[in-house]
Amino acid sequence: MSIQIFGLPISRGVAIGRAVLVASSRVDVAHYFVPQEQVPHEIARLRSARDAVAREIEELKSDLPAEAPAELAALLDVHLMLLHDDTLSDATKLWIEQRHYNAEWALSAQLEVLARQFDEMEDDYLRERKADIEQVVERLLRQMASASRGGVAPVHHLSAQSDFGGAEPLVLVAGDVAPADMLHFKRSVFTGFVTDVGGRTSHTAIVARSMDIPAVVGAREASRLIRQDDWVVIDGDAGVVVVDPSPIVLEEYRFRQRQSELERARLHRLRHTPGVTLDGQPIELLANIELPGDAVAALEAGAVGVGLFRSEFLFLNRGGDLPGEDEQYEAYRDAVLAMRGLPVTIRTVDVGADKPLERMSAQELRHEHGLNPALGLRAIRWSLSEPGMFRQQLRAILRASAHGKVRILVPMVAHLDEVRQIQEALARARAQLDEAGHAYSRVELGAMIEVPAAAVLIERFLRHFDFVSVGTNDLIQYTLAIDRADEAVSHLYDPWHPAVLSLLERTIRASRSAGKPVCVCGEMAGDVAFTELLLAMGLRSFSMHPARIAAVKQRVLRADTRQLEARLSGVLESDDPAAAWVPARPLGG
Ligand code: PEP
Ligand code: MG
């Protein structure tokens, strides 16, 4: 029976595909297709993992001390039995043979199926056997991971796209995916995805949006209601997920899918058109990137530079081993070289809040940190509390400036005293490079304006920085006291709130009168609902996911800033700015 699940729309378009359920704890399992000729090899990997785990359990059994409780041996017997059970081994083989999943993916897919069956059992004893099957699969995955480290296949790289083209489209369904794990799904086999949790501007949603595939987050019950292999429609415009759609509904969505593909193709043609308004104002359209490799998509989309390189993605999930100076330098240099002389704005590390250094889902974060991590030791606060690490990052960024135009952007500045500390750190980093004989060029220093305190005192902060960039995602979160990652309060997360617009307008106006460049790099910059309003406020530089550039450019090309500016004050004074701001109609449209 067809059901509808409602969530938050975060990335436009329609995806139709079969559901692949991925447990939050297992998102780091490799997902890729294997070509037909590699199927026997995958099955052999599965078999040898099974044999190795069987030996491991047998050994555990024979090593049990005589005084060990009898239940322990019995438990190991249950694990052995499950290991050889057809519902695990034969069914897993089928995922490989029929769907061409790699062995790890096939195993976790089958685990999801079995876990559901156990959940539905009436008998308590049998229901509790779910934990046993999970442990057995965990052992198998670990075994395959260690075999891979021996050179067989990559394991901690998710979703490598294969050339295998015979499969049906797939959509990812997960309870939660941490932002760093979401990165692994870039260039993946999935054509859409749904998660149970997450707010519109959570970092998981941001990375998802950068993948430019239809997506819905905060769809509460999705991973419970959708089953492995169900046909699912993801309506990324409305934030609706339709499970097992009827043929009529499916046809309707297929039609919309074709329409949005045509629209995309049409917008793509604008990529090399300069961003200039009807009244001749040049508008800078920059890209937000997470990894150096994203620079390719930025150039392809027609970005005239990188306005925000979220460097923290180089720091996440490394088991305490942070990237050293050389490794960082190489990553920044690669981005700078890839941008071929266009400017690259590298934001210093912004960990904390929903981007903890170690893998943690939003749900786990809430459990682990009773305190609110968004108000804690994140972004520049963390950097200043780790001065050695901070200088190391500054040195790496400065060294990259020898290869092109680089700017440094500091997140979450709120205290004037932080400015002094940042400048001192930068001066020391330069002195250290001079001493070591490393080359670097002039690098501008900018502040992210994303804490209301910085927006309120913008004139004072501007004295110390070469440029500013408004992080509207956090500015909204902190102005309205709404956790941006929490779907429970997402209805209150309102970019149109008069207080938000007032801080934004104030920041843009003050920066322009101080003669300092100002950009907006939060999600509002890539949302066409705000393009004209931001232009009216005087904004001339926007930074966004590469995939959003063409749509925003289309708005820019049709805008007349003089007409827009005339309408601004009424909107800023209105109690309902969204209603007061009727978007400018395209000329002739
Ligand atoms: C913002 O806060 O708007 C921003 C661009 O930074 P991030 O989303 O990474 O916090
Ligand atoms: Mg921010």
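Fair warning: this is a prediction, and the values are worked out from it, not measured in the lab.

Q: I'm lost on the sheet that holds strand β2 (residues 8-11) in this one. Help?
A: Remark on secondary structure: sheet strands pair via backbone hydrogen bonds, oriented parallel or antiparallel. As summarised here, the arrangement of the eight strands in space is β1-β8-β7-β3-β4-β5-β6-β2, forming an open sheet in which the pairing is mixed. Looking at which strands have only one partner, the edges of the open sheet turn out to be β1 (3-6) and β2. The sheet shows a mean angle of 30° between the axes of neighbouring strands, direction not considered. Across four bridges, the pairing between strand β7 (residues 231-235) and strand β8 (residues 240-243) is antiparallel. Across the sheet, I234 pairs through a bridge with V241, a residue of β8. Contacting β3 (14-22), β7 and β8, helix α9 (residues 247-268) runs over the sheet at an angle of about 110° to β3.

Q: What should I look at first to understand the packing of helix α18 (residues 472-480) against helix α19 (residues 498-513) in this one?
A: It is at 10 Å that the axes of α18 and α19 come closest, and there the two elements cross at 130°. Comparing the axis directions of α18 and α19 gives the class oblique. Crossing handedness for the pair α18 and α19: right-handed. Of α19, the residues touching α18 (which contributes T472, L475, I476, T479 and L480) are A499, V500, L503 and L504. Here the residues of the contact of α18 with α19 are counted per class, giving seven nonpolar, two polar and no charged.

Q: Please explain the site of ligand 1 as it appears in this structure.
A: Around ligand 1, the surrounding shell holds 17 residues, and the nearest of these are H203, R310, R347, N473 and R484. T472 is positioned such that a nitrogen or oxygen atom in its backbone is 3.1 Å from an oxygen atom of ligand 1. Contact between ligand 1 and R484: an oxygen atom at 2.7 Å from a side-chain N or O atom of the residue. The protein chains hide 100% of the 290 Å² of surface that ligand 1 would expose on its own. The cavity that encloses ligand 1 is the second largest cavity. Every element with two or more residues in the shell around ligand 1 is listed here: α7 (203-210), β10 (306-310) and α18. In terms of residue class, the shell around ligand 1 is built from four nonpolar, five polar and eight charged.

Q: Help me understand the coordination of the magnesium ion (ligand 2) in this model?
A: Here the magnesium ion (ligand 2) is held by the protein donor atoms E450 (OE) and D474 (OD), which lie 2.1 Å from it. Here E450 is found in the loop between β13 (444-449) and α16 (452-456), whereas its partner D474 is found in helix α18, with 24 residues between them in sequence. Assessed through its relative accessible area of 2%, D474 is described here as buried.

Q: I would appreciate a short explanation of empty space enclosed by the protein in the present structure.
A: Space left empty within the atom packing is revealed by a probe, the size of a water molecule, rolled over the atoms. In this structure the tally under the stated criterion is four cavities of 30 Å³ or more. Considering the residues around the second largest cavity, the lining is formed by 13 residues, among which R310, R347, M448, E450 and N473 are closest to the centre. Taken together, the elements giving at least two residues each to the lining of the second largest cavity come down to β10 and α18.

Q: Help me understand unusual backbone geometry, please; the structure alone is not making it clear to me.
A: Backbone geometry follows two general trends: most residues other than glycine have a negative phi, and most peptide bonds adopt the trans configuration. One non-glycine residue, D212, lies in the positive phi region at around 60°. Structurally, D212 is set in the loop between α7 and β6 (215-217). A positive phi angle, close to 55°, is found at A379, a residue other than glycine. Along the polypeptide, A379 turns up in the loop between α12 (362-368) and α13 (380-385). Residue classification places A379 among the buried positions, given a relative accessible area of 0%.

Q: I keep staring at the side chain of E450 and nothing clicks. Help me out?
A: As a buried residue without a salt bridge, E450 has its nearest oppositely charged side chain in R347, at a separation of 4.8 Å. A polar atom in the side chain of E450 sits 2.7 Å from the backbone nitrogen of M412. If we ignore the near neighbours within four places in the chain, the residues touching E450 are P411, M412, G471, D474, L475 and Y478.

Q: Just checking my understanding: could you explain the packing of aromatic side chains for this structure?
A: Note on aromatic pairs: each is described by the distance of the centres and the angle between the planes. All told, the structure shown has seven aromatic pairs when counted by the stated rule. Geometrically, the ring pair formed by Y101 and W105 is stacked, given 3.7 Å between the ring centres and 5° between the ring planes. As far as the burial class goes, Y101 and W105 line up, both buried. Within the aromatic cluster, the residues linked to one another by ring pairs are F33, W95, Y101, W105 and F190. Looking at R407, its charged tip hangs above the ring of F467, at a distance of 3.9 Å from the centre. Sitting over the face of the ring of W581, R567 holds its NZ or CZ atom 4.2 Å from the ring centroid.

Calculation criteria
- Residues numbered from 1 in each chain as written.
- Chains lettered and ligands numbered in written order.
- Predicted model: local features only at pLDDT ≥ 70, side-chain atom pairs only at ≥ 80, totals over all residues.
- Heavy atoms only, no water.
- Pairing = 2+ DSSP bridges.
- Helix = DSSP H or I, 4+ residues; strand = E, 2+ residues; numbered from the N terminus.
- Axes fitted to C-alpha atoms, helices over the stretch in contact; angles between N-to-C directions.
- Contact = heavy atoms within 4.5 Å.
- Parallel < 35°, antiparallel > 145°, perpendicular 65-115°, else oblique.
- Left-handed = near helix turned anticlockwise from the far one by under 90°.
- Nonpolar A, V, L, I, M, F, W, Y, C, P; charged D, E, K, R; others polar.
- Near = heavy atom within 4 Å.
- Polar contact = N/O pair within 3.5 Å; in protein donor to acceptor, adjacent residues only side chain to side chain.
- Areas by Shrake-Rupley, 256 points an atom, 1.4 Å probe, with all protein chains shown as cover.
- 1 Å grid on protein atoms, 1.4 Å probe; cavity = no way out; pocket = protein on both sides within 12 Å on 5 of 7 lines; lining within 4 Å.
- Sits in = over half its atoms within 2 Å of the grid points.
- Donors = N, O, S within 2.8 Å, 3.2 Å for Na, K, Ca; no water.
- Buried < 20%, exposed > 50% of the residue type's maximum accessible area, 1.4 Å probe, protein only.
- Points joined across faces, edges and corners; volume = space filled by probe spheres on them.
- Lys, Arg positive; Asp, Glu negative; His and termini not counted.
- Salt bridge = Lys/Arg side-chain N within 4 Å of Asp/Glu carboxyl O.
- Phe/Tyr/Trp six-rings, centres within 6.5 Å; stacked < 30°, edge-to-face > 60°.
- Lys NZ or Arg CZ within 6 Å of the ring centre and 35° of its normal.

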